[in-house]
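Fold and contact review
Residues per chain are reported as follows:
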Amino acid sequence: MAYETIQVTPIGGSIGAEIAGVDLARPLSNRQAQEVHDAFLEHSVVFFRDQRLDPEQQKRAARLFGEPVAIPFVKSLDGHPEIIDIVKEAEDAGKYNFGGNWHTDTTFLETPALGSLLYALEVPPRGGDTLFADLHAAYETLSPGMRALLDGLTAVHTGSRSYGSQSKFQGGKNQSVSMAIDANADGDRLVEHPVVRTHPETGRKCLFVNPNYTLRFKDMTEAESKPLLDFLYAHAIRDEFVCRFPWRAGSVAVWDNRCTMHRAVNDYDGHRRHVRRVTLQGDRPH
Ligand code: SIN
């Protein structure tokens, strides 16, 4: 796609592109906003450097892609229910980091997030990158037989391992001293989504299961589901489907949660990392 008001540079062979020529703190022209949105749909995750955003500016920037929404279980920023601070402190060494397993955000909800805009306030001197995986490529590179099998399947998702009775954050365990995660019985709810969803804006199909929240296939046991789910997870994070974003303070990432998974790499013990996320309201996957 040709862009006239922004510069778009892919950072991986499959997904991910850096966008230059945009100050997200200011309102964009209609043309620029349209091109930023086009690049988001074309590359599934887009990155901006050297931004300076207060919470209101961050929410306005997020509205270029969708409508900000509050998410359950994680304490939000005071006065901004749609914003969460994701922090690992230097003294949190040895602890799990928020978002550290491959996942697609909030698939434990009936309407999982459309996407998120993540803004880096403070990053470690090295490490703390985020990985993004292309779930369109994952689906499109499966054999016709496997695609036909998956097209007819439904998966059961739950927040149980993160926010329910199986939570790794239960009783303050694992979580950063600066985050408040309220794991409770609501996290054990089960919801169903198609294993293959159609992107509502592009019409492309993609795989829609993830190791953090997908429990099993509908009408199958966890043990029966596990071999095929494990195969799909390993397939989806093949090197050629993944891009890696090295953060700097002031960097912004916006991912299309309808067709990607992501994972925050936990390799910076002893250093502080503080990123701020606005989550966007999604629709029911079909
Ligand atoms: C997340 O999963 O929302 C956090 C990603 C990150 O901290 O890089």
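Above: the structure in question.
Residues numbered from 1 in each chain as written. Predicted model: local features only at pLDDT ≥ 70, side-chain atom pairs only at ≥ 80, totals over all residues. Heavy atoms only, no water.

1. Details of unusual backbone geometry
Rule in force here: Labels follow the DSSP assignment, with helices taken as runs of H or I lasting at least four residues and strands as runs of E lasting at least two, numbered in each case from the N terminus. Partly exposed residues are those whose accessible area sits between 20% and 50% of the maximum for their type, while under 20% is buried and over 50% is exposed, using a 1.4 Å probe and protein chains only.
Located in the positive-phi region is Asp50, a residue other than glycine, with phi close to 55°. Summarising the element assignment, Asp50 is placed in the loop between strand S3 (45-48) and helix H2 (55-62). Of the residues examined, Asp50 reaches a relative accessible area of 62% and is grouped as exposed. One non-glycine residue with positive phi stands out, namely Asp219, at about 65°. Secondary-structure assignment places Asp219 in the loop between strand S11 (214-217) and helix H6 (222-236). Note on Asp219: relative accessible area 72%, which makes it exposed.

2. Some remarks on the site of the ligand
Threshold: Whether a residue is near a molecule or strand depends on its heavy atoms: if one lies within 4 Å, it is near. In protein, a polar contact requires one atom able to donate a hydrogen and another able to accept it; more generally it is a pair of N or O atoms within 3.5 Å, and residues adjacent in sequence count only if both atoms are side-chain atoms. Only the protein chains shown count as cover for residues, with accessible areas throughout obtained via the Shrake-Rupley method and a probe of 1.4 Å.
With respect to spatial proximity, the complete set of residues near the ligand consists of Ile86, Gly99, His103, Leu118, Thr130, Trp255, His262, Ala264, Arg273, Val275 and Arg277. At a separation of 3.0 Å, an oxygen atom of the ligand approaches a polar side-chain atom of His103. At 2.8 Å, a side-chain N or O of Arg273 approaches an oxygen atom of the ligand. Compared with its free state, where it exposes 260 Å², the ligand has 100% of that area covered by protein. Of all the secondary-structure elements, those providing two or more residues to the shell around the ligand are strand S14 (260-264) and strand S15 (273-280). In terms of residues, the shell around the ligand owes the most to one element, S15, which gives 3 residues.

3. What about the sheet that holds strand S12 (residues 242-245)?
We apply this condition: Strands qualify as paired when DSSP identifies two bridges or more between them. Orientation is described by lines fitted to C-alpha atoms, with helices fitted over the stretch in contact, and by angles between N-to-C directions that extend from 0 to 180 degrees.
As summarised here, the arrangement of the 3 strands in space is S12-S6-S14, forming an open sheet in which the pairing is antiparallel. Two strands lie at the open edges of the sheet, namely S12 and S14, each paired on one side alone. Shown here is a sheet whose adjacent strand axes are inclined to one another by a mean of 20°, direction ignored. In this sheet, S14 lies alongside strand S6 (residues 130-134) in antiparallel orientation, the contact comprising 5 bridges. Of the residues in S14, the one forming a bridge with Leu131 is Arg263.

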